[in-house]
Amino acid sequence: MLTAFVPIWALTVLGYLVGRSGVLGDRAELVLGRLVFHVAMPAVLLTTLSRTPVSRLLTPAIIVFALGTLVVGVGALAAGRWLFGRGLADRSIGAMAACYVNSANLGVPVAISVLGDASFIVTVLLFQVLVITPIVLTLVELDVAAKSGHRWRDLLTLPVRNPIIAASALGVTISALGWHLPDLVNGPLTQLGAAAVPTALLVLGMSLHDRGQREPSDRRELWVIVLLKAIAQPLIAFLAGEALGLDGHLLLAVVLCSALPTAQNVFVYAHQYALDTRLPRNAVLLSTVLSMVTLSGVTALLRA
């Protein structure tokens, strides 16, 4: 499990050193963030979803995971509004930070080392990309469009304008039709997609050198989000799993995946929409540190 965390910390520290040295120039963080959002992440979503059966969403285990995710997400949305006075876009990103797990670069190696296979974590990835991401990005767009005065036009064109949603929809369509991307297309897309996670982590590290956004805007809000992510989400998943009759290996898989830390995608989305990146950035870092304890604890307790 420790080896799964090492690349995250190494690339984040490297990003900080790159930002501190200024070797890539003043606009490097902005440009690399756009590269991830518009090019690398759509490529990995398209290639992954095109070869993943959508039928994987129709299982009791993913229903339990979805229940924990949605309960925590709605709770974080409510806290963002009533406790911290956040606008719709920022509290949507906060809710995503509270419930969107790092299913790719951390979830897969953890699942393989603890569960013996990555079948359920792929289902989690599918659920998050097809359900959670469109919901959050639509809420963000609602807020942004309301300020621009073109709400309905922007919402209707969202699937075309947003590369994350467009790539996800295209990948699911290819999978549902039973098609396969030709090698001449899949090869370059796979290479582009391989750059998504390391580049996102570099940008995350570079943001740590941004003096204007070094401290969280509200430490109370950060801890609410992180505790919802690290404690509430796996606990709700455990209780829901017990209620629906999950046990053994399957219950461990659901709770373990629910205890994964916040994905760096949340920071990338906040960065792309020019929102306050302090909360998602610090939630990613703090939840990742805490997850080294919670993941080990969940594994030990449920196996016992």
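The structure this text deals with has already been given above.
Within every chain, residues take consecutive numbers counted from 1 along the sequence as written. Totals for whole chains, interfaces and linings use every residue, but because this is a predicted model, local features are given only for residues with pLDDT of at least 70 and side-chain atom pairs only at 80 or more, for both listing and counting. Calculation of side-chain values draws on the structure's entire complement of heavy atoms; hydrogens and water are dropped beforehand.

J.: Help me get a handle on the side chain of Arg 91, residues and values and all.
T.: Tracing the chain through its elements places Arg 91 in helix H4 (residues 88-99). Type-normalised accessible area, obtained with a 1.4 Å probe on protein chains alone, sets the label of each residue: buried when under 20%, exposed when over 50%, and partly exposed for intermediate values. Only four residue types enter the tally: Lys and Arg on the positive side, Asp and Glu on the negative side; His and the chain ends are excluded. By convention in these notes, a salt bridge is any Lys or Arg side-chain nitrogen within 4 Å of a carboxyl oxygen on Asp or Glu. For the buried Arg 91, no salt bridge exists, and the shortest N-O distance to an oppositely charged side chain is 7.0 Å, to Asp 143. Think of a polar contact as two N or O atoms within 3.5 Å of one another; within protein, one of them needs to be a possible hydrogen donor and the other a possible acceptor, and neighboring residues in sequence only count if both atoms come from side chains. From its side chain, Arg 91 meets the backbone oxygen of Arg 86 in a polar contact 2.8 Å long. Setting aside residues no more than four positions away along its own chain, Arg 91 makes contact with Leu 77, Gly 80, Arg 81 and Arg 86. Here a helix means four or more residues in a row that DSSP labels H or I, a strand means two or more in a row labelled E, and each is numbered from the N terminus. Should any heavy atoms of two residues lie within 4.5 Å, those residues are considered in contact.

J.: Can you break down the packing of helix H3 (residues 60-82) against H4 residue by residue, with the values?
T.: Relative orientation of the contacting elements H3 and H4 amounts to 145°, with a least axis distance of 8 Å. Relative to H4, the crossing made by H3 is right-handed. Between H3, through Thr 69, Val 72, Gly 73, Ala 76, Leu 77, Gly 80 and Arg 81, and H4, the contact on the second element is made entirely by Arg 91, Ser 92, Gly 94, Ala 95, Ala 98 and Cys 99. Looking at the contact of H3 with H4 residue by residue, the class counts come to six nonpolar, five polar and two charged. Here an angle of 0 to 180 degrees is reported between the N-to-C directions of two axes, which are lines fitted to C-alpha atoms, with helices fitted over the stretch in contact. Handedness of each helix crossing follows the sense of rotation of the near helix against the far helix: counterclockwise by less than a right angle gives left-handed, clockwise gives right-handed. Under the grouping applied here, Gly and all other residues not named as nonpolar or charged are polar, the nonpolar ones being Ala, Val, Leu, Ile, Met, Phe, Trp, Tyr, Cys and Pro and the charged ones Asp, Glu, Lys and Arg.

J.: Explain the nonpolar core to me, using residue names and the numbers behind them.
T.: Nonpolar side chains in soluble globular proteins tend to end up buried together. In this description, a nonpolar core means a group of buried Ala, Val, Leu, Ile, Met, Phe, Trp, Tyr and Cys residues linked to one another through side-chain atoms lying within 4.5 Å. In terms of nonpolar packing, the biggest core is built from 81 residues, with Phe 65, Ile 93, Phe 120, Val 124, Val 254 and Tyr 269 touching the most fellow members. Not counting chain neighbours up to four residues away, the residues in contact with Phe 65 comprise Val 101, Phe 120, Val 124, Phe 127, Gln 128, Gln 233, Val 254, Cys 257 and Ser 258. Of all hydrophobic cores here, the second largest spans six residues; its members include Leu 46, Ile 174, Leu 181 and Leu 189.

J.: If you had to explain the pattern of salt bridges to someone new, which residues and values would you point to?
T.: All told, the structure shown has four salt bridges when counted by the stated rule. Where Asp 90 meets Arg 86, a salt bridge forms, and the shortest distance between an N and an O atom there is 3.9 Å. The shortest N-O distance in the salt bridge between Asp 276 and Arg 86 comes to 3.6 Å. Separated by 190 residues along the polypeptide, Asp 276 in the loop between helix H14 (265-272) and helix H15 (278-303) and Arg 86 in the loop between H3 and H4 bring together distant segments of the chain. Classification of Asp 276 as buried rests on a relative accessible area of 15%.

J.: Give a description of the packing of aromatic side chains that names residues and reports values.
T.: Pairing of aromatic rings covers Phe, Tyr and Trp, the last through its six-membered ring, and needs centres within 6.5 Å; plane angles under 30 degrees mean stacked, over 60 mean edge-to-face, and all others mean tilted. Applying the stated rule across the entire model yields four aromatic pairs. Measuring from centroid to centroid gives 6.0 Å for Phe 37 and Tyr 269, while their planes differ by 85°, and the two rings are edge-to-face. One end of the pair, Phe 37, is in helix H2 (residues 28-50); the other, Tyr 269, is in helix H14, with 232 residues separating them in the sequence. Both residues of the pair, Phe 37 and Tyr 269, count as buried. Measuring from ring centre to ring centre gives 6.1 Å for Phe 65 and Phe 127, while their planes differ by 90°; the resulting arrangement is edge-to-face. In this pair, Phe 65 is assigned in helix H3 and Phe 127 in helix H6 (residues 119-148), connecting sequence segments 62 residues apart. Three or more aromatic residues joined by ring pairs make a cluster, and in this case those are Phe 37, Tyr 269 and Tyr 273.

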